[in-house]
Amino acid sequence: MAMHIEAFFHADTFTYSYVVADQVSGQCAVIDSVLDYTAESGQTSTTSADQIVNYIHEHGYTLEWVLETHVHADHLSAAQHIREKLGGKLAIGNQVGRVQETFGRLFNAGPEFAADGSQFDHLFADGETFTIGQIPARVIYTPGHTPSCVTYLIGDAAFVGDTLFMPDYGTARCDFPGGDAATLYHSIRKLFELPAETRVFMCHDYKAEGRDEFLNETTIGEEKASNVHVNERISEAQFVQLRQERDSGLGMPKLILPSVQVNMRAGEMPPPEANGIRYLKIPVDAL
Ligand SMILES: [Fe+2]
């Protein structure tokens, strides 16, 4: 198996996107791409996403899958742009309707917004298998941060989304609508059953205190041994208490409102109004 993983770091949102390529067949997948967005002006740009597009062009790869680990609340997805440029099937976990329902209600998206995942090309069930060229891949349902989070296990590499962070940083927050700390604990326990040498790729890194470089890769063994929030010696009750305490002190991510209303639409902007302009809404005192 000749699998190559290329990471792309988006410094504004601390997000890692990935290209996972089967170097034999030339097929590849993009995981968790980012659309540049300036909150002050409402301006989007594909500068960062085009680095991924160019990389795939340069290597002569064919894009088979555009994968999202979840409906992100901290950055806008560039999935639509990537798919438009390179093709591929846009996919996410099949519980995405639960997130769409919650946020469709918050943004009063109206009847033209179907909360059934139909904006995606494919919805993955827990345990579903697929391939990237000849590389076998499996979907592991890992809810908790959101009710529809999934991990993509591709070859020996787990793309965990916002389930686990680097061992010295811990875990993702569980206080967004539909999030649940106990659920995240059980999802992480499920990941801990993977072989210890399984490589784990982050969706984010925020540099833990005392560390001076960003990191995006560890192993299941390392996480089990030393994750500061949820190593194998931490009980569910201990984790839930720690997670809830942490979450109660966190502010909302800077881009949650634009991110969620775009990402719940599979990265599509809301439809234009009569003047041809698309608008993002800001719910007041509702989040
Ligand atoms: Fe997230």
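What counts, and where the lines are drawn
Residues numbered from 1 in each chain as written. Predicted model: local features only at pLDDT ≥ 70, side-chain atom pairs only at ≥ 80, totals over all residues. Heavy atoms only, no water. Pairing = 2+ DSSP bridges. Helix = DSSP H or I, 4+ residues; strand = E, 2+ residues; numbered from the N terminus. Axes fitted to C-alpha atoms, helices over the stretch in contact; angles between N-to-C directions. Contact = heavy atoms within 4.5 Å. Disulfide = S-S within 2.5 Å. Buried < 20%, exposed > 50% of the residue type's maximum accessible area, 1.4 Å probe, protein only. Donors = N, O, S within 2.8 Å, 3.2 Å for Na, K, Ca; no water. Expected span 1.5 Å × (residues − 1). Arc of directions from axis to C-beta.

*Asks:* Teacher, can you tell me more about the sheet that holds strand E3 (residues 27-31) here?
*Replies:* Ordered by their spatial adjacency, six strands build an open sheet running E1-E2-E3-E6-E7-E8, and the pairing between neighbours is mixed. Each edge of the sheet is formed by a strand with only one pairing partner; in this case those strands are strand E1 (3-10) and strand E8 (122-124). Sheet twist, expressed as the mean angle between neighbouring strand axes with direction ignored, is 25°. Where strand E7 (residues 89-93) and E8 come together, three bridges link them in parallel fashion. Its bridge partner lying in E8, Gly93 is registered against Phe124. Strands in contact with helix H1 (residues 47-58) are E1, strand E2 (15-22), E3 and strand E6 (62-67); relative to E1, the strand with the most contacts, it is inclined by about 160°.

*Asks:* What exactly am I supposed to notice about the state of the cysteines here?
*Replies:* Covalent bonding between the sulfur atoms of two cysteines defines a disulfide. Applying the stated criterion to the full structure yields zero disulfides. Take Cys28: it sits in no disulfide, and the sulfur closest to it among the cysteines is that of Cys203, at 18 Å. Judged by its relative accessible area of 0%, Cys28 falls in the buried class. Residue Cys203 stays outside any disulfide, its sulfur separated by 9.3 Å from that of Cys149, the closest cysteine. Residue classification places Cys203 among the buried residues on the basis of a relative accessible area of 2%.

*Asks:* Got a minute to help me understand the coordination of the iron ion in this structure?
*Replies:* Six octahedrally arranged donors around a metal ideally form angles of 90 or 180 degrees; four tetrahedrally arranged donors ideally form angles of 109.5 degrees. Taken together, the protein donors to the iron ion comprise His70 (NE2), His145 (NE2) and Asp162 (OD), at separations of 2.0 to 2.4 Å. Written as a sequence motif, the donor arrangement for the iron ion is H-x74-H-x16-D. Of this pair, His145 sits in the loop between strand E10 (135-141) and strand E11 (150-154) while Asp162 is found in the loop between strand E12 (157-159) and helix H4 (181-192), placing the two residues 17 residues apart along the sequence. For the residue pair His145 and Asp162, the accessibility class agrees, reading buried in each case.

*Asks:* Would you mind going over helix H6 (residues 236-248) with me for this structure?
*Replies:* One turn of an α-helix holds 3.6 residues; hence residues three or four places apart share an orientation. Here H6 contains 13 residues, and its C-alpha end-to-end distance of 18 Å stays within 8% of the 18 Å for a straight helix at 1.5 Å per residue. Buried residues of H6: Phe239, Val240, Arg243 and Asp247, and no others. Buried residues of H6 fall within an arc of 95° about the axis and therefore sit on the same side. Turned more than 90 degrees off the buried face of H6, the exposed positions are Ala237, Gln241, Glu245 and Ser248. Contacts from the buried residues of H6 go to H4.

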